[in-house]
Amino acid sequence: MRDIIRMIVVLAVLCALSGGLLAAVKSGTAEKIEYQQLKFVKGPAIKEILKGCSNDPIVDRFKLQDGDVERSFFVGVFDGKPNSVAYETFGKGFGGPIGIMVGVNLETDKVIGMGVTTHSETPGLGARAKTDETFKGSFKGLSINEPVKVKTDGGEVDAVTGATITSRGVCAGITESAEFYKRLKPQIVEKAKAFAK
Amino acid sequence: MSETSLVQEFTKGLWEEIPPFRLVLGLCPTLAVTKSVETGIGMGLALTFVLVCSNILVSALRKIIPSKVRIACFIVIIATFVVVVELSMQAFAYPLFLKLGIFIPLIVVNCIVLGRAEAFASKNGVGASIADGLGMGLGFTISLSVLGSIREIFGAGMWYGKEVFGASFQPFTFMVEAPGAFVCLGLLLAIMNLAGKK
């Protein structure tokens, strides 16, 4: 009987100490880890979209509550004015959800660029949406207030050759994102002002 | 514990019992992460940290831990340090973490760590256990970087991300694939046995 109690006590104390240590480490590194993940996973797309901005968009970010979800916005400062934001949205691709980073000019509501962050599209076909400059470039200058469509559907976007579903998914993702963009816009503008240099 | 035996405990991990060649343990990460020197060294250092910390705790607690639940206790201790390594690697060396991926959490079930806890740290003092952990960990790091060097030089024509041969070099891609790892490990084992033959 004493044996069992001793085992239980030793194991319980050990586990409790271990749990406490891990909780401390986790909360101590959480902020750094979030920054690293943003920098290496979403960073490349954000940097490309907000090319030429004078700040670090990954540091100058803020979160807004949109119903049940929390959305992150990355601010780009151009000529001292924080007039652009990049945010992530998701579209339905051929192999699963596609993460799309969209950059929007807050003054004109026009898309200033887009990039694919995460995807599971077919290599060589849909996966080219991440690298195809013509495809990515054709989003530039489109108004976020109008539905974004590929050319075959009567829109302006050059679809990636052989990857119509992926291209449509990306367009639909951006069109859908316009909904929460419009809904949150007053708050976005307000928050972005804080980053003026 | 006299000084000479501490040195002995340390150096035995570097040659006489160098893992994974002498103690053929911990082969899973050895084969999987030695595609390049960088990942090999990263894995080796992560394992060294876990090994030293778990050896310290296991030997310090060896009189308190009841022998019936010792394995469970060792695993809790080891797993704790592995998660510490995993989190700090994410916070400070994220690109390396992406390359090592699942093999960092898998240190929990690495036989070298549990093996040293069971075979050495649970029977010896803290000082000797630190020496043992450091020696074994460094030995493992050296082995992995040697293996990684060979595979990276032949398989990719590079060493630590730098070109070794000119542009005319045709990479021997077999070396960076899994079979190349087995062949390379086998050859190194044979050389070690030949060298250690008395």
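See the structure above.
Residues numbered from 1 in each chain as written. Chains lettered and ligands numbered in written order. Predicted model: local features only at pLDDT ≥ 70, side-chain atom pairs only at ≥ 80, totals over all residues. Heavy atoms only, no water.

1. Re the interface of chain B and chain A
Here is step 1: Across the boundary between the two partners, chain B contributes 20 residues, which contact 19 residues of chain A.
Here is step 2: Overall, the association of chain B and chain A removes approximately 1,800 Å² of surface from exposure, summing both partners, and the carbon and sulfur fraction of that is 81%.
Here is step 3: Linking chain B with chain A are one salt bridge.
Here is step 4: The salt bridge partner of D3 of chain A is K68 of chain B, with a shortest N-O separation of 3.4 Å.
Here is step 5: Between the two partners, chain B and chain A, sit four residue pairs in polar contact (both at pLDDT 80 or more). (Contact = heavy atoms within 4.5 Å. Buried area = accessible area lost by both parts, 1.4 Å probe. Salt bridge = Lys/Arg side-chain N within 4 Å of Asp/Glu carboxyl O. Polar contact = N/O pair within 3.5 Å; in protein donor to acceptor, adjacent residues only side chain to side chain.)

2. Points about a nonpolar patch on the surface
Here is step 1: Taken together, the side chains of M1, I5, V9, V13 and L17 of chain A present a nonpolar region at the surface, about 530 Å² in accessible area.
Here is step 2: Mapped onto the secondary structure, V13 of chain A falls in helix α1 (residues 2-49). (Patch = residues over 30% accessible without salt bridge, like charges linked within 9 Å, V, L, I, M, F, W, Y side chains within 5 Å. Areas by Shrake-Rupley, 256 points an atom, 1.4 Å probe, with all protein chains shown as cover. Helix = DSSP H or I, 4+ residues; strand = E, 2+ residues; numbered from the N terminus.)

3. Some remarks on the pairing of strand β5 (residues 111-116) of chain A
All names here are of chain A.
Here is step 1: When you tally the buried positions in β5, you get five out of six residues, the bulk of the element.
Here is step 2: Inspection of the sheet shows strand β4 (residues 97-105) paired to β5 by five bridges, in the antiparallel sense. Its bridge partner lying in β5, I100 is registered against V116.
Here is step 3: Between β4 and β5, which pair antiparallel one after the other, the connecting turn spans five residues, and D109 there sits at a positive phi close to 60°. (Buried < 20%, exposed > 50% of the residue type's maximum accessible area, 1.4 Å probe, protein only. Pairing = 2+ DSSP bridges.)

4. Points about helix α8 (residues 178-196) of chain B
Here is step 1: An ideal rise of 1.5 Å per residue puts 27 Å on 19 residues; α8 of chain B measures up with 27 Å between its terminal C-alpha atoms.
Here is step 2: Packing partners of the buried residues in α8 of chain B comprise α2 (27-32) and α7 (126-156) of chain B. (Expected span 1.5 Å × (residues − 1).)

Note that all results are geometric; they support no functional claim without further evidence.
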